[in-house]
Amino acid sequence: MHLSRLSLQDFRNYKQLDLSLERGLYLFYGDNAQGKTNLLEAVAMLATASSFHASSDREVVNWSSPEHIARIEGTVTRHEDAIDIEIFIFDPTPPAIPSTNGAAPPQEPAVTLPLPANTPRKRFKVNSIPRRTMDMIGQMKVVLFAPTDLHLVDGSPDERRRFLDRALCQVQPRYCQAILKYRKIVTQRSALLKRIRDHQEDPGMLSYLDEQVTMLANQIIYERQLMVNALNQQAVVFQKSISGGSEQLQIVYRPSFKVDEAWNTTEAQQHYLKQLQAVRKKEIMQGVCLLGPHRDDLEFLVNGVNMLNYGSRGQQRTAALATKLAELTYMRASTGDEPVLLLDDVFSELDHARREYLLNQVLQHEQVFLTATDLTEFTPEILRQAHSYHVTHGELQMQTQ
Ligand SMILES: Nc1ncnc2c1ncn2[C@@H]1O[C@H](COP(=O)(O)OP(=O)(O)O)[C@@H](O)[C@H]1O
Ligand SMILES: [Mg+2]
């Protein structure tokens, strides 16, 4: 699939953008803070419905948007079909607009719109028909390589869980539903544990939430395990090829409690409940949920050695790259769609050999968006086949070679 049109209104620092796109490689280059990442963020939102780097989606609304609304519209061409996706993001309480000339920001708060409290913050349309988030996610598929992805191996466990969720949500809307519900229940359960600790609630109240949590957790863990199995088949090939044949990569799924692939659903649920009971005292004392997919992790072994503790920087980068490339293959294999590839500023952290490898891999894809601070990183041959755009202050200017 590829994006054949992108239009933005009041999205981050883009007041208005209308872009026609084709298959192939797109290079967006320009100085820092000009809007390169913002552009990829908008494209990714068409696939995942939420931002990959905002802590709250309403951050994407342009600070001076008169209606406090950002709009992203994209046409996705898939086989012979075209799908039109629209997202509206509403920010009722925008921050005070920072001044552009370095002077102190205005003292008066920005205008707050007098809209009802329950006005939805995000709305979606697919082919002009309003849709729920769940029905909109996955219409378009993207794989994003951000600088943080190069830290998949040596970064925080949180990052590794996000990696799994981002891919699985696009592949299976029901996974997305399960994970959202699960997070909500974990929050409720933690609050309940605190109330039990403070003697405001009876421990018996836990059984309902325990049942919910174990049911959802099993579903999530099962899907994550399947994905890791699939990733392993490909990642090993990429790692070997990047390292010149010497490195054998294995990705190990590490749930926060004992799971056995041989258990059926009922057995898995019972085992989980038992393990929950074993940590009950500790959970009540700490007031947090200690076991479950929100505590899962991944381990990366190269020739049997754990890369988190013992990998060289180069090996860690290679394993991250191999895993991300495996994600791409996984997405394609499990959906039959070629995802749109987004590479945000990843080349600066890679050495020459790994950069070349990655470029050669991604060039085989239907559509690739790549950002960089300048074009000197690319060979004349790449530049000849790419569509290049210079990004300044939220505006794009096409460059002809
Ligand atoms: N909601 C917003 N409204 C207006 N401008 C924004 C908003 N959010 C971020 N920006 C601006 O976008 C710029 C950063 O864009 P970004 O895409 O991250 O840059 P880069 O080109 O370095 O990737 C900054 O100048 C920031 O002030
Ligand atoms: Mg950037």
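Rules used in this analysis
Residues numbered from 1 in each chain as written. Chains lettered and ligands numbered in written order. Predicted model: local features only at pLDDT ≥ 70, side-chain atom pairs only at ≥ 80, totals over all residues. Pairing = 2+ DSSP bridges. Helix = DSSP H or I, 4+ residues; strand = E, 2+ residues; numbered from the N terminus. Axes fitted to C-alpha atoms, helices over the stretch in contact; angles between N-to-C directions. Contact = placed C-beta atoms within 7 Å. Near = placed C-beta within 6 Å. Nonpolar A, V, L, I, M, F, W, Y, C, P; charged D, E, K, R; others polar.

Peer 1: How should the sheet that holds strand S13 (residues 367–372) be read in this particular structure?
Peer 2: Two orientations exist for strands paired in a sheet by backbone hydrogen bonds: parallel and antiparallel. With mixed pairing, six strands are arranged side by side in an open sheet as S8-S12-S13-S3-S14-S15. At either end of the open sheet lies a strand with only one pairing partner, and these are strand S8 (142–145) and strand S15 (395–399). The average undirected angle you get between the axes of adjacent strands in this sheet is 20 degrees. Here strand S3 (residues 24–29) runs beside S13; their pairing, made up of six bridges, is parallel. From the neighbouring strand, Tyr29 faces S13, where its bridge partner is Ala372. Those strands touched by helix H1 (residues 36–48) are S3, S8, strand S12 (340–344), S13 and strand S14 (387–392), and its axis lies near 150 degrees from that of S12.

Peer 1: Can you help me understand the site of ligand 1 in this one?
Peer 2: Ligand 1 sits among 16 residues. The nearest are Asn13, Ala33, Lys36, Thr37 and Asn38. At three residues, the largest contribution of residues to the shell around ligand 1 is made by H1. For the shell around ligand 1, a count of residues per class yields five nonpolar, eight polar and three charged.

Peer 1: Help me understand the pairing of S14, please; the structure alone is not making it clear to me.
Peer 2: Along a regular strand, successive side chains alternate from one face of the sheet to the other. Sheet topology places S3 next to S14; four bridges connect them, and they run parallel. Bridged to Leu27 within S14 is Ser388. Here S14 hands over to S15 after two residues, with His393 in that stretch at a positive phi of 45 degrees.

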